[in-house]
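Coordinate inspection notes
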Amino acid sequence: MRLPGTPKTRALVMLLGGRAAFRGTVLLSNLALLAAWGANGYADYAQAMGSMMFLAPLASIGIEKCALKLIPRLRPTVASLLVGVFVTLCALLLTVALTVLATTVALGHSGHWATAGLAGLYAICVGLTQVMVGLSRALGKPKRDVAAHLTLCVALACWTVVVVVLKVSPVTFLTLTVATMATVNVVLLVMLRPRFDGLRRRTLVRAAMRTSLLMAIPDLVGGLSMSLLFVALSVTGARAESTGLYMASVASALLLNAFSYLLRVLQPDVSRSLNQRDLTATYDRLSRWLRLLVLAGVVYVPAVLALALAVLRPYGGAGVVIVYAACVPVIFAVGSANYVMENASAGALAATSAGAAVSLVAVGALAFSIVPWAGALGAVTVLAFGELVHALVILRWLRTLDKPASHILIGERK
């Protein structure tokens, strides 16, 4: 098996174009759905979709990132065994995600259980798709990624037209969309042709499971944080503002997810590079960067919130999108730091995962203290505050780092 590095320019453009087309279609689809269902109907849909966001990373638990990190560092014969391990892990996570979904729907969505259940299945399918296309890219098959997302673009556009023309309900729309995504995932799985010999190698299984879990924590925290904000809006009587928050998250996905996806595409070469160098200088630069970010962020984010409450409240959902855009630099910066940390040493991966977990606690506390009086505008800035907490934990680890031992890496050559 030939292990790929960073794709050439043409392949990179194709990959970014396919993902951008999908995200753009999702955004346009939501605008059409809002027009077709009206504000009240779409608010219920947005609330269900937003509250189930955490299931997407739960269904993948970092498998895509782990594959792109470990496979380039291993011999081809060993790397090929990882595919079966990752597919097995994905099947176990699917069972967990479905159980969590059933429990969540039963306990918290008695009035809209069908919409909530299908929204959860949609999120799970998104997570599974990322695993399948990530494994395909790791095996040197990037065209499958492009084909999968273009297929989903066409299907989503078709089902949106059905809503607009036939005025079908959110339940019907989600049923059609979930069925399409599940079919695409099955096709991608069959094309992977996984072998399961690697399950007999305990060291390989433990390395894959541990690294996948740690690399998944920041993504899982991101999904849980957003879901918590939708819950806070619902509990505090601001359910109608879910539309603005969900539209902001969809719009931001065009930029944030494109940036994240570019990092994933470049990850094989980044992983190999960090695996072959002393990281002292890298950690020093990262520490200076994060120190500046935290000092600026503790002034910038409260200023954004104050200005938003004073000026943007009358603009409803559009104001929320503007605030989200204003917070993007903070999210970008911490996401970049997390990317370096998770591809560096074992200690760095554990530290950034711990930072993400602490940030979730901060988001939970702030959500129920800020959202009740600041609504969706406050919810967006809570996300930025959470990122600053994540940065503080990373910075603390960097300051106490035993630098002579810091270059010991996960996934060293076997």
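To be clear, the structure that these remarks concern was listed above.
Cut-offs used in this document
Residues numbered from 1 in each chain as written. Predicted model: local features only at pLDDT ≥ 70, side-chain atom pairs only at ≥ 80, totals over all residues. Heavy atoms only, no water. Helix = DSSP H or I, 4+ residues; strand = E, 2+ residues; numbered from the N terminus. Buried < 20%, exposed > 50% of the residue type's maximum accessible area, 1.4 Å probe, protein only. Contact = heavy atoms within 4.5 Å. Areas by Shrake-Rupley, 256 points an atom, 1.4 Å probe, with all protein chains shown as cover. Phe/Tyr/Trp six-rings, centres within 6.5 Å; stacked < 30°, edge-to-face > 60°. 1 Å grid on protein atoms, 1.4 Å probe; cavity = no way out; pocket = protein on both sides within 12 Å on 5 of 7 lines; lining within 4 Å. Points joined across faces, edges and corners; volume = space filled by probe spheres on them. Nonpolar A, V, L, I, M, F, W, Y, C, P; charged D, E, K, R; others polar. Expected span 1.5 Å × (residues − 1). Axes fitted to C-alpha atoms, helices over the stretch in contact; angles between N-to-C directions. Parallel < 35°, antiparallel > 145°, perpendicular 65-115°, else oblique. Left-handed = near helix turned anticlockwise from the far one by under 90°. Core = buried A, V, L, I, M, F, W, Y, C linked by side-chain atoms within 4.5 Å. Patch = residues over 30% accessible without salt bridge, like charges linked within 9 Å, V, L, I, M, F, W, Y side chains within 5 Å. Salt bridge = Lys/Arg side-chain N within 4 Å of Asp/Glu carboxyl O. Lys, Arg positive; Asp, Glu negative; His and termini not counted. Charge placed at Lys NZ, Arg CZ, Asp CG, Glu CD.

1. A word on the overall build of the protein chain
A count of helices and strands for the protein chain gives 12 helices and zero strands. In sequence order, the secondary structure elements of the protein chain are arranged as α-α-α-α-α-α-α-α-α-α-α-α. By residue count, 54% of the 414 residues in the protein chain fall in the buried class. Residue pairs at least 24 apart in sequence account for 87% of intrachain contacts in the protein chain once pairs closer than 6 positions are excluded. Of the accessible surface of the protein chain, which amounts to about 17200 Å², a share of 69% is contributed by carbon and sulfur atoms.

2. A word on the packing of aromatic side chains
Going through the model one piece at a time under the given rule, you end up with eight aromatic pairs. Taken together, a centroid distance of 6.3 Å and an interplanar angle of 90° make the contact between Tyr45 and Tyr246 edge-to-face. Linking Tyr45 in helix H1 (residues 9-51) with Tyr246 in helix H9 (residues 242-275), this pair joins segments that are 201 residues apart in sequence. When the centroid spacing of 6.5 Å and the interplanar angle of 65° are considered together, the rings of Phe230 and Tyr246 count as edge-to-face. On the criterion of sequence distance, the pair formed by Phe230 in helix H8 (residues 202-235) and Tyr246 in helix H9 is long-range, its members being 16 residues apart. You can call Phe230 buried: its relative accessible area is 0%. When its relative accessible area of 6% is taken as the criterion, Tyr246 is described as buried. By way of ring pairs, the aromatic residues Trp37, Tyr42, Tyr45, Phe173, Phe230 and Tyr246 are connected into one cluster.

3. Topic: empty space enclosed by the protein
All chains considered together, the criterion is met by three cavities of 30 Å³ or more. Lining the second largest cavity are Phe22, Tyr122, Leu152, Ala155, Leu156, Trp159, Thr177, Thr180 and Met181. Looking at the lining of the second largest cavity, the elements with two or more residues in it are helix H6 (142-166) and helix H7 (170-192). Ranked by residue count, the leading element in the lining of the second largest cavity is H6, at four residues. For the lining of the second largest cavity, a count of residues per class yields seven nonpolar, two polar and no charged.

4. Remarks on the side chain of Ser336
Summarising the element assignment, Ser336 is placed in helix H11 (residues 317-342). In this view, Ser336 contacts Phe259 and Trp289; residues no more than four positions away in its chain are not counted.

5. Details of H6
Over its 25 residues, H6 extends 37 Å from the first C-alpha to the last, a length consistent with the 36 Å expected when each residue adds 1.5 Å. Along H6, the residues that are buried comprise Arg144, Asp145, Val146, Ala148, His149, Leu152, Cys153, Ala155, Leu156, Thr160 and Val163.

6. Considering the packing of helix H10 (residues 280-312) against H11
Packing of H10 against H11 brings their axes to within 10 Å, and their N-to-C directions diverge by 165°. Regarding the angle of H10 to H11, the classification is roughly antiparallel. Seen from above, H10 lies across H11 with left-handed handedness. Of the residues in H11, those in contact with Thr282, Leu286, Trp289, Leu290, Leu293, Tyr300, Val301, Val304, Ala308 and Leu312 of H10 are Gly319, Ile322, Val323, Ala326, Cys327, Val330, Ala333, Val334, Ser336, Ala337, Val340 and Met341. Of the residues belonging to the contact of H10 with H11, the class tally is 19 nonpolar, three polar and no charged.

7. Notes on the nonpolar core
Taken as a class, soluble globular proteins show a tendency for nonpolar side chains to be buried jointly. Judged by nonpolar contacts, the single largest core of 129 residues is most densely connected at Tyr45, Leu245 and Leu290. Here this core takes 22 residues from helix H12 (residues 346-399), the largest share from any one element. Setting aside residues up to four positions removed in sequence, Leu245 forms contacts with Met226, Leu229, Phe230, Leu233, Val320, Ala376, Ala379 and Val380. If you look at the next biggest cluster of nonpolar residues, it comprises five residues, including Leu12, Leu15, Val146 and Tyr261.

8. Let's talk about a positive patch on the surface
A cluster of basic residues, Arg285, Arg288, Arg291 and Arg399, forms a positive patch at the surface. The biggest single contributor to the positive patch is H10, with three residues. Topologically, Arg288 is positioned in helix H10.

9. What about the environment of Lys69?
As for its placement among the helices and strands, Lys69 is situated in helix H3 (residues 63-70). Taking the C-alpha atoms as reference, Lys69 lies 9.7 Å from Ala344; in sequence the two are 275 residues apart.

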